[in-house]
Amino acid sequence: MSIAKIVVDGIVVKDPEKRFTQNNLAITNLTLNINKNENTLIRVVCMGNLAENVSNSVKANDRVIVEGRLQAETYKTQDGKDKRIIQINAS
């Protein structure tokens, strides 16, 4: 479910990970720490040309600004509890 447009800045926690869909669409995932005093992490998903650019130019410890749509997902853990993950679908 897409919630709202968001712009955040933060430090990239580890090198972005690029993969491809069955249709050969590039998808790059990265994690940002948006609060240096506490670890407040946000997952960022990039697709297509943006995914290629991010995977080629961004690395761990870089400061970046991300704009996109805020999305919340819920999934069940192995012990049956619901867990919510917040991510940004970058634009």
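Everything in this summary refers to the structure shown in the same document. (Residues numbered from 1 in each chain as written. Predicted model: local features only at pLDDT ≥ 70, side-chain atom pairs only at ≥ 80, totals over all residues. Heavy atoms only, no water.)

Looking at chain direction, strand β2 (residues 17-20) and strand β3 (residues 26-33) are connected through four bridges and run antiparallel. Looking at β3, one finds that R19 is bridged to I27. In this antiparallel pair of consecutive strands, β2 and β3, the connection spans five residues, and N24 shows a positive phi of 65 degrees. (Pairing = 2+ DSSP bridges. Helix = DSSP H or I, 4+ residues; strand = E, 2+ residues; numbered from the N terminus.)

With phi around 65 degrees, N24 is a residue other than glycine that occupies positive phi space. Within the secondary structure, N24 sits in the loop between β2 and β3. Within the chain, N61 stands out as a residue other than glycine whose phi angle is a positive 75 degrees. Here N61 shows up in the loop between α1 (49-57) and β5 (63-76). For N61, a relative accessible area of 61% puts it in the exposed group. (Buried < 20%, exposed > 50% of the residue type's maximum accessible area, 1.4 Å probe, protein only.)

What follows concerns the pattern of salt bridges. Tallying each qualifying case throughout the model produces six salt bridges. Put simply, R63 and D9 hold a salt bridge, and the shortest N to O gap is 2.7 Å. With R63 in strand β5 and D9 in strand β1 (residues 2-12), this residue pair connects regions lying 54 residues apart in the sequence. Note that K18 and E52 form a salt bridge whose closest N and O atoms lie 3.0 Å from each other. Here K18 is found in strand β2, whereas its partner E52 is found in helix α1, with 34 residues between them in sequence. For K18, a relative accessible area of 34% corresponds to the partly exposed category. (Salt bridge = Lys/Arg side-chain N within 4 Å of Asp/Glu carboxyl O.)

In this section: the nonpolar core. Nonpolar side chains in soluble globular proteins tend to end up buried together. Counting residues in each nonpolar core, the largest one holds 17 residues, and the members touching the most others are L30, L32, V44, C46, V66 and I88. In contact with L30, not counting residues within four places along its chain, are V12, P16, I42, R43, V44, C46 and V54. (Core = buried A, V, L, I, M, F, W, Y, C linked by side-chain atoms within 4.5 Å. Contact = heavy atoms within 4.5 Å.)

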